[in-house]
Amino acid sequence: MSKSLNIAIAGLGTVGAEVARQLTLNKEHFTRKAGQPINLVAVSARDANKERGFSMDGIEFCQNPLDLVARQDVDMVIELIGGSEGVAYDLVSSALNQGCHVVTANKALLAHHGLALAASAEDSGLALAGEASVAGGIPVIKMLKESLAGNHLTRITGILNGTCNYILSVMQHENREFEDVLAEAQALGYAEADPSFDIDGVDAAHKLAILSSIGFGYAPAIDEVSITGIRQITLTDMKNALHLGCTIRLLGEVERNSDGQVAAMVRPVLLPLDNSLAKIDGPLNAVAFTGEPIGAVTAIGPGAGAGATASAVLADVIDIAQGRISPFFGEPASMLKPAQGQAQNNRAERHFIRLQVYDRPGVLADVTAILRQHDISVESINQPSRSEDGIHGDVPIIMTTHETVASELFAAMAEIADLSTVLAEPVVLSIGHD
Ligand SMILES: NC(=O)c1ccc[n+]([C@@H]2O[C@H](COP(=O)([O-])OP(=O)(O)OC[C@H]3O[C@@H](n4cnc5c(N)ncnc54)[C@H](OP(=O)(O)O)[C@@H]3O)[C@@H](O)[C@H]2O)c1
């Protein structure tokens, strides 16, 4: 064995430190798997003195991540800093310009700049790999690019954010309010101190944009993902969902709509309790692919955390070392169709609606009159008693509709929100189907 692969890691946090630990502790394993010795030669982080859980013997510490690329002996840079702009972007671009392969777990970077970075890598015959960027330890990118490559996909649906799934499943099983569970998730390390990216659906949208591009062959475009997070979901919503035989989960969904366009959305959805994704609890992820000729296939597993994410990063390292280098999006970046503009989900779906209204005669009549004008047929109405769910003079109305196109429903909701008796933005969730 004459050659070897020299690696530099930028970012020694949750993921980076575990990747470095594995590479240094299990050198012999990686030599066998990669067919050549893998040498961790340099690392970068902000704090040079922090104990990271692996031996720094023979490894250079660079304060500036760009110095990793300036070294002449680095064959591959593993970017584990994070963020779509700034140092992560500068490092990955300059690594590719300097002839280094790149592995990253950075979904924000790939969703925003993946097209240009993939093109740059392909032009130079280099690898840009990012298995860890979507669904952590579940090999969904490999599955999509390789194992399902012969399929004509019609739909990808996934639980792509473990934080949201943890919060919603604890609300479901322990009857607890959103804020209470969020605080617990932060204490357990499942949610960041600033949880906005997770609970507002942005993290899931980054992952969905990547899956959507690989699955449907469009340039990634985060702006074209319609995003609704879970901040507005209350325990009352969860209880009502359960009353309807459903739970609530944040789903990333992309599918070809009836106009042939690809519509991508991240949103909380009511899922029947017997739906396979409704059974995914805690911080797990799951992704279901539907297409021809396979039919449907679902992958479930740990979507985040040091071990799961490092596992995906290390698989990319081994692939590249073995010479298995393929375009990041499964086809050359130059062949991806241009992003098409935000497509509407024009599929007719049943919907769950929660309105918070003044408890006055005539309110319900005003609401149903607007629904009638929009040709929306109500399936059920439930007004829980004030003592249980409302403060004085203010009550929720829970409705479900028969199948309705979202555009019509949202037009009706805008009118309903303008009624002086409606106290808050209506909460509208679609009721999922298989
Ligand atoms: N954590 C997960 O479960 C998970 C799952 C999937 C994907 N990812 C992705 O993996 C990447 C890393 O996530 P993480 O959770 O490991 O992040 P993290 O724990 O916050 O670690 C970030 C690392 O980057 C270093 N860093 C930040 N700014 C730097 C700079 N200017 N120069 C040099 N180093 C800098 C930090 O240094 P210090 O340690 O010195 O502060 C730290 O070691 C992100 O793209 C994330 O989205 C994470």
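Every value quoted in this text rests on a predicted model; they were computed, and no experiment measured them. (Residues numbered from 1 in each chain as written. Predicted model: local features only at pLDDT ≥ 70, side-chain atom pairs only at ≥ 80, totals over all residues.)

### What to know about the overall build of the protein chain
Point 1. Each helix and strand counted, the protein chain has 15 helices and 17 strands in total.
Point 2. Counting only C-alpha atoms, the protein chain reaches 85 × 45 × 35 Å along its principal axes.
Point 3. Of all intrachain contacts in the protein chain linking residues separated by at least 6 positions in sequence, the fraction that spans at least 24 positions is 74%. (Helix = DSSP H or I, 4+ residues; strand = E, 2+ residues; numbered from the N terminus. Contact = placed C-beta atoms within 7 Å.)

### A closer look at the sheet that holds strand S5 (residues 101-104)
Each strand in a sheet pairs with its neighbour through backbone hydrogen bonds, running either in the same direction (parallel) or in the opposite one (antiparallel).
Point 1. Pairing is parallel in the open sheet, where six strands are placed in the order S3-S2-S1-S4-S5-S6. Each end of this open sheet is capped by a strand with a single partner; those strands are strand S3 (60-62) and strand S6 (128-129).
Point 2. Pairing of strand S1 (residues 5-10) with strand S4 (residues 76-79), which is carried by four bridges, proceeds in the parallel orientation. Bridge pairing links Ala10 to Glu79 in S4.
Point 3. Helix-sheet contacts for helix H12 (residues 306-321) involve S1, strand S2 (38-44), S4, S5 and S6, and the interaxial angle to S5 is about 160 degrees. (Pairing = 2+ DSSP bridges. Axes fitted to C-alpha atoms, helices over the stretch in contact; angles between N-to-C directions.)

### Some details on the pairing of S2
Point 1. The buried fraction of S2 is high, at six of seven residues.
Point 2. As paired elements, S1 and S2 share six bridges and run parallel to each other. In the sheet register, Ala10 faces S2, and the bridge partner there is Ser44.
Point 3. Of the pairings in the sheet, the one linking S2 to S3 comprises three bridges and is parallel in character. Opposite Val43, over in S3, you have Phe61 as the bridge partner. (Buried ≥ 20, exposed ≤ 12 C-beta atoms within 10 Å, placed from the backbone.)

### A short note on the site of the ligand
Point 1. With respect to spatial proximity, 24 residues lie near the ligand, and among them Gly11, Gly13, Arg46, Gly82 and Ala304 are the closest.
Point 2. Its residues placed into classes, the shell around the ligand shows 10 nonpolar, 10 polar and four charged. (Near = placed C-beta within 6 Å. Nonpolar A, V, L, I, M, F, W, Y, C, P; charged D, E, K, R; others polar.)

### With respect to helix H8 (residues 178-188)
Point 1. Within the sequence span of H8, burial applies to Phe178, Val181, Leu182 and Ala185. When H8 is viewed along its axis, its buried side chains cluster within an angular range of 105 degrees and face the same direction. Set apart from the buried face of H8 by more than 90 degrees, the exposed residues are Glu179 and Ala187.
Point 2. Where H8 is buried, its residues meet helix H7 (162-174) and helix H9 (196-199). (Arc of directions from axis to C-beta.)

### Observations regarding the domain arrangement of the protein chain
Point 1. Examined at the domain level, the protein chain breaks down into domain 1 (5-104), domain 2 (140-302) and domain 3 (348-431).
Point 2. With centres defined by C-alpha atoms, the gap from domain 1 to domain 2 works out at 31 Å. (Domains from an automatic or database assignment.)

### A closer look at the packing of H7 against H8
Point 1. In contact at an axis separation of 9 Å, H7 and H8 are set at 130 degrees when each is read in the N-to-C sense. With respect to each other, H7 and H8 are oriented oblique. Crossing angle aside, the handedness with which H7 passes H8 is right-handed. Seen from H7, the contacting residues are Thr163, Tyr166, Ile167, Val170 and Met171; seen from H8, they are Phe178, Val181, Leu182 and Ala185.
Point 2. Here the contact of H7 with H8 is composed, by residue class, of eight nonpolar, one polar and no charged. (Parallel < 35°, antiparallel > 145°, perpendicular 65-115°, else oblique. Left-handed = near helix turned anticlockwise from the far one by under 90°.)

### Observations concerning the environment of Ala333
Point 1. Structurally, Ala333 is set in the loop between H12 and strand S13 (348-358).
Point 2. When the C-alpha positions of Ala333 and Leu96 are compared, they lie 15 Å apart, and in sequence the two are 237 residues distant.
Point 3. The residues touching Ala333, leaving out its near neighbours within four places in the chain, are Leu115, Ala118, Ala119, Glu122 and Pro327.

### Observations regarding the nonpolar core
Point 1. Within the largest apolar cluster, 137 residues are counted, with the highest numbers of intra-cluster contacts made by Ile9, Val77, Ile167 and Val313.
Point 2. Val313 has contacts with Val15, Val19, Ile78, Val103, Ala105 and Ala132, leaving out every residue within four places of it along the chain. (Core = buried A, V, L, I, M, F, W, Y, C linked by C-beta atoms within 7 Å.)

### Brief notes about the packing of helix H6 (residues 140-147) against helix H10 (residues 202-216)
Point 1. Relative to each other, H6 and H10 sit at 10 degrees, their axes nearing to 9 Å. The orientation of H6 relative to H10 falls into the category roughly parallel. Counting all contacts with H6, which are made through Val140, Ile141, Leu144 and Lys145, the residues of H10 involved are Leu211, Ile214 and Gly215.

### Some remarks on helix H1 (residues 14-25)
For the α-helix, the turn length of 3.6 residues means that residues three or four positions removed from each other point alike.
Point 1. End to end, H1 covers 17 Å across 12 residues, agreeing with the expected 16 Å (1.5 Å per residue, within 8%).
Point 2. Buried within H1 are the following residues: Val15, Gly16, Ala17, Glu18, Val19, Ala20, Gln22 and Leu23.
Point 3. Check the buried side of H1 and you find it contacts S1, helix H2 (27-34), S2, S4 and H12. (Expected span 1.5 Å × (residues − 1).)

### Some points on the pairing of strand S12 (residues 295-302)
Point 1. The sheet contact formed by strand S11 (residues 284-292) and S12 spans eight bridges and is antiparallel. From the neighbouring strand, Ala288 faces S12, where its bridge partner is Thr298.
Point 2. Linking S11 to S12, which pair antiparallel, is a turn of two residues.

### Structural notes on the environment of Gln261
Point 1. With respect to the secondary-structure elements, Gln261 resides in the loop between strand S9 (246-256) and strand S10 (262-272).
Point 2. Contact partners of Gln261, with chain neighbours within four places excluded, come to Gln340 and Ala343.

### So, unusual backbone geometry
Point 1. Of note, the bond from Glu292 into Pro293 is cis; its omega dihedral lies within 30 degrees of zero at 10 degrees.
Point 2. Within the fold, Pro293 resides in the loop between S11 and S12.
Point 3. Located in the positive-phi region is Ala135, a residue other than glycine, with phi close to 60 degrees.
Point 4. Turning to its location among the elements, Ala135 is positioned in the loop between S6 and H6.
Point 5. Of note in the backbone geometry, Asn175 takes a positive phi value of approximately 60 degrees without being a glycine.
Point 6. Position of Asn175 among the secondary structure elements: in the loop between H7 and H8.

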